[in-house]
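# Coordinates in review
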Amino acid sequence: MITSAHLQNSFSYTDYKAYSKERFAQNKTTGEAPEVNTDFYLHYTKLNLSRTSRVEKKIELTEDLKSVLDKISAPQNWVVLAESWCGDVPHNLPIIHKMSLYQPLIKLQILLRDNNLEVMDNYLTNGGRSIPKLIALDFDLKKEHFRWGPRPVALQEEINKLKDLNVAYPEITEMSQKWYNVDAGQQVQKEFINLLKS
């Protein structure tokens, strides 16, 4: 369960980006554990900082999504679990942020996954701590409206096919990045339209 105590340690979108850059300047990811501060994770953190900026510039919310966001009539807390090294975060978090900018009743708050495992472990994906994970709650955190993540369903299906064929991780990552570039945020927006309508 997400409590107000958790949210006292949350980041705004702007502060999360600043913290990610600050940590990277120190040769660190947003995570504290040694295993996520290797050259491998730092490489992806560097790519993700660049990808975040690119997605921010390119993404425009669709009119269909805006019309659904317009129907929100009460304040909501959208809590996202994220880390700077995760390859799905830069493609999805900026879109979620744009939704919160468009609809001021949405308050976006970001929790670092590894600092909040007691939260993360309530929102696993097929038993794994996959991120980003969004949990949409009402203002007093008592009612959950919906959850989303860690990536669009259509992309997950493609990843599952490659995993079934025992395709190596770097190839899956490359396919995912190409998929995101071609899709340009359309599938995420369609999924949120359905979630918000329900």
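For the structure itself, consult the block above.
Computed from a predicted structure; not experimentally measured. (Residues numbered from 1 in each chain as written. Predicted model: local features only at pLDDT ≥ 70, side-chain atom pairs only at ≥ 80, totals over all residues. Heavy atoms only, no water.)

On to the environment of Asp121. Along the chain, Asp121 falls in the loop between helix H6 (117-120) and strand E3 (133-138). Placed 14 residues apart in sequence, Asp121 and Lys107 show a C-alpha to C-alpha distance of 23 Å. Only 2.7 Å separates the side chain of Asp121 from the side chain of Arg129, close enough to count as a polar contact. (Helix = DSSP H or I, 4+ residues; strand = E, 2+ residues; numbered from the N terminus. Polar contact = N/O pair within 3.5 Å; in protein donor to acceptor, adjacent residues only side chain to side chain.)

Attention shifts here to helix H8 (residues 169-183). Between its first and last C-alpha atoms H8 spans 21 Å; for 15 residues at 1.5 Å apiece the expected length is 21 Å, and the two agree. Residues of H8 that are buried: Ile172, Thr173, Met175, Ser176, Gln177, Trp179, Tyr180 and Asp183. For H8, the elements touching its buried residues are helix H3 (39-58), helix H5 (89-102), helix H7 (153-164) and helix H9 (186-197). Positive phi appears at Ala184, one or two residues downstream of H8, with a value of about 55°. (Expected span 1.5 Å × (residues − 1). Buried < 20%, exposed > 50% of the residue type's maximum accessible area, 1.4 Å probe, protein only. Contact = heavy atoms within 4.5 Å.)

All right, on to the nonpolar core then. In this structure, Leu69, Trp78, Ile96, Met99, Leu134 and Phe192 are the most contacted members of the largest nonpolar core, which totals 46 residues. In terms of nonpolar packing, the next biggest core, distinct from the first, is built from 6 residues, Ile159, Met175, Trp179 and Tyr180 among them. (Core = buried A, V, L, I, M, F, W, Y, C linked by side-chain atoms within 4.5 Å.)

Another point: the sheet that holds strand E1 (residues 76-82). Taking strand neighbours across the sheet as the criterion, the 4 strands line up as E2-E1-E3-E4 in an open arrangement whose pairing is mixed. Where the open sheet ends on each side, the last strands, each with one partner, are strand E2 (106-112) and strand E4 (144-148). In this sheet, neighbouring strand axes are inclined to one another by 20° on average, regardless of whether the strands run parallel or antiparallel. Direction of pairing for E1 relative to E2: parallel, over a ladder of 7 bridges. What sits directly across from Leu81, in E2, is Leu111. Against the sheet, helix H2 (residues 13-25) makes contact with E1 and E2, and its axis sits at roughly 25° relative to E2, the strand it touches most. (Pairing = 2+ DSSP bridges. Axes fitted to C-alpha atoms, helices over the stretch in contact; angles between N-to-C directions.)

This part takes up H2. Side chains of residues three or four places apart in an α-helix project in the same direction, reflecting 3.6 residues per turn. Taking 1.5 Å as the rise per residue, H2 with 13 residues should run 18 Å; its terminal C-alpha atoms sit 19 Å apart, in good agreement. Taken as a whole, H2 has its buried residues at Tyr13, Tyr16, Tyr19, Ser20 and Arg23. Around the axis of H2, the buried residues are gathered within 125° of arc, so they sit on the same side. More than 90 degrees from the buried face of H2, the exposed residues found are Thr14 and Ala25. Looking at the buried positions of H2, the neighbouring elements they touch are H3, E1, H5 and E2. One or two residues past the end of H2 sits Asn27, with phi positive at roughly 65°. (Arc of directions from axis to C-beta.)

Within the secondary structure layout, Glu32 lies in the loop between H2 and H3. Taking relative accessible area as the criterion, Glu32 reaches 52% and is therefore assigned exposed. Sequence spacing of Glu32 and Tyr102 is 70 residues, and the spatial spacing of their C-alpha atoms is 33 Å. In this view, Glu32 contacts Tyr19, Arg23, Asn37 and Asn115; residues no more than four positions away in its chain are not counted.

Here we come to unusual backbone geometry. A cis amide bond, omega 5°, links Ile131 with the succeeding residue Pro132. By the element assignment, Pro132 lies in the loop between H6 and E3. If you check the backbone angles, Asn126 has positive phi at about 50° while not being a glycine. For Asn126, the position within the fold is in the loop between H6 and E3.

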